[in-house]
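# Report on the structure
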Amino acid sequence: MKINVLTLFPEMFNSLNHSIIGRAIDSGLISINYTNIRDFSQDKHNRVDDYPFGGGPGMVMKPGPVFRSIESVKQDNSRVIYLSPKGKVFNQEIANELSKEDHIVLLCGHYEGIDNRVIEEYVTDEISIGDYVLTGGEIASMVIIDSVARLIPGVLGKDESFMDESHYDGLLEYPQYTRPREFNELKVPDILLSGNHQKIDEWRKYQSIKSTLINRPDMIEKKDFNEEEKRILDIIKNEIRK
Ligand code: ADE
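Residues numbered from 1 in each chain as written. Predicted model: local features only at pLDDT ≥ 70, side-chain atom pairs only at ≥ 80, totals over all residues. Heavy atoms only, no water.

## Focus on the domain arrangement of the protein chain
Interface size is often expressed as the accessible area that is lost when the parts come together. As a reminder of what qualifies: The domain limits used here are those given by an automatic or database domain assignment.
Entries for the protein chain in the domain assignment read domain 1 (2-149) and domain 2 (165-241). Measuring from the centre of the C-alpha atoms in domain 1 to the corresponding centre in domain 2 gives 37 Å.

## A few points about the packing of helix 6 (residues 197-215) against helix 8 (residues 227-241)
This is how it is decided: Angles shown run from 0 to 180 degrees and are taken between the N-to-C directions of axes, each axis being a line fitted to C-alpha atoms and, for helices, limited to the stretch in contact. Here a strand is any run of E in DSSP of at least two residues, a helix any run of H or I of at least four, and the numbering for each starts at the N terminus. Oblique is the label for any angle not under 35 degrees, not over 145, and not in the 65 to 115 range, which are roughly parallel, roughly antiparallel and roughly perpendicular in turn. Crossings are classed by handedness, with left-handed meaning an anticlockwise turn of the near helix from the far one by less than a right angle and right-handed meaning a clockwise turn. By definition, residues are in contact when any of their heavy atoms lie within 4.5 Å. Residues are grouped as follows: nonpolar covers Ala, Val, Leu, Ile, Met, Phe, Trp, Tyr, Cys and Pro; charged covers Asp, Glu, Lys and Arg; every other residue, Gly included, is treated as polar.
Direction vectors running N to C along helix 6 and helix 8 enclose 55°, while the axes themselves pass 10 Å from each other. Comparing their axes, helix 8 and helix 6 come out oblique. Crossing handedness for the pair helix 6 and helix 8: right-handed. Mapping the contact onto sequence places Lys 205, Tyr 206, Ile 209, Lys 210, Leu 213 and Ile 214 in helix 6 and Glu 229, Ile 232, Leu 233, Ile 236, Lys 237, Glu 239 and Ile 240 in helix 8. Tallied by class, the residues present in the contact of helix 6 with helix 8 amount to eight nonpolar, no polar and five charged.

## Things to note about the site of the ligand
Here is the rule we go by: It suffices for a single heavy atom of a residue to lie within 4 Å of a molecule or strand for the residue to be listed as near it. N or O atoms closer than or at 3.5 Å make up a polar contact, with two conditions inside protein: a donor-capable atom paired with an acceptor-capable one, and, for residues adjacent in sequence, both atoms drawn from side chains. Each accessible area is a Shrake-Rupley result for a 1.4 Å probe, and residues are judged covered by the shown protein chains and nothing else.
All residues adjacent to the ligand are Leu 83, Ser 84, Pro 85, Ile 127, Ser 128, Ile 129, Gly 130, Tyr 132, Val 133, Leu 134, Gly 136 and Ala 140. Here a nitrogen atom of the ligand sits 3.0 Å away from a polar atom, N or O, in the main chain of Ile 129. One nitrogen or oxygen atom from the main chain of Tyr 132 is found 2.8 Å from a nitrogen atom belonging to the ligand. Protein burial of the ligand: of its 260 Å² of free accessible surface, 96% is covered by the chains. Every element with two or more residues in the shell around the ligand is listed here: strand 5 (79-89) and strand 7 (125-128). Here the residues of the shell around the ligand are counted per class, giving eight nonpolar, four polar and no charged.

Structural data, given as structure tokens:
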């Protein structure tokens, strides 16, 4: 997958050169290129923002530098994503969908936003990473890159599966433990040491459903449960009522 990031602050992305994403870049599974939108300013002071028409606080990113920076990277098949608190809220489903694309352009705004003509002309998706306002789209772009890149085949090692984790199948992940068996008098649940894999699977399913019910009842509403899961959900609901 090829990713082009359009930003006024390319140096903010240095943190992506580490760990799993750094490895994916080094091995060529993803390539990320950064373009400084300011390089496309034709203003003698390199200005990229101006006052909003109609008045109001703050500054707006001018269309010219942004148009030209998009034109410099865009291909016919590109998804051009503008990060904005007004966008559709990002989730695992969108991450899955984006992980199948060949080319993604991430457009990071600053100030009060970007001249709307850019959005009308080029943007295919406007995405928010949550219901809060950041100072710019850079951190949101990094969230998208991290969550999408790890879904590309080969990026996670064979021991780092995303099949069991939170949000993969509409439930939150069960709790995990590792050695030692006892730490500061705190014990690992006996069942995980039992070697009985059927019982372990049942315990994990129970824990997954329980934490989803407590922390994310909205996900319980949406999930299509099988008969066994419905039975476990009823048990948990009864326990909580007591
Ligand atoms: N830019 C500012 N706030 C944002 C948010 N919540 N998501 C994506 N981009 C943003």
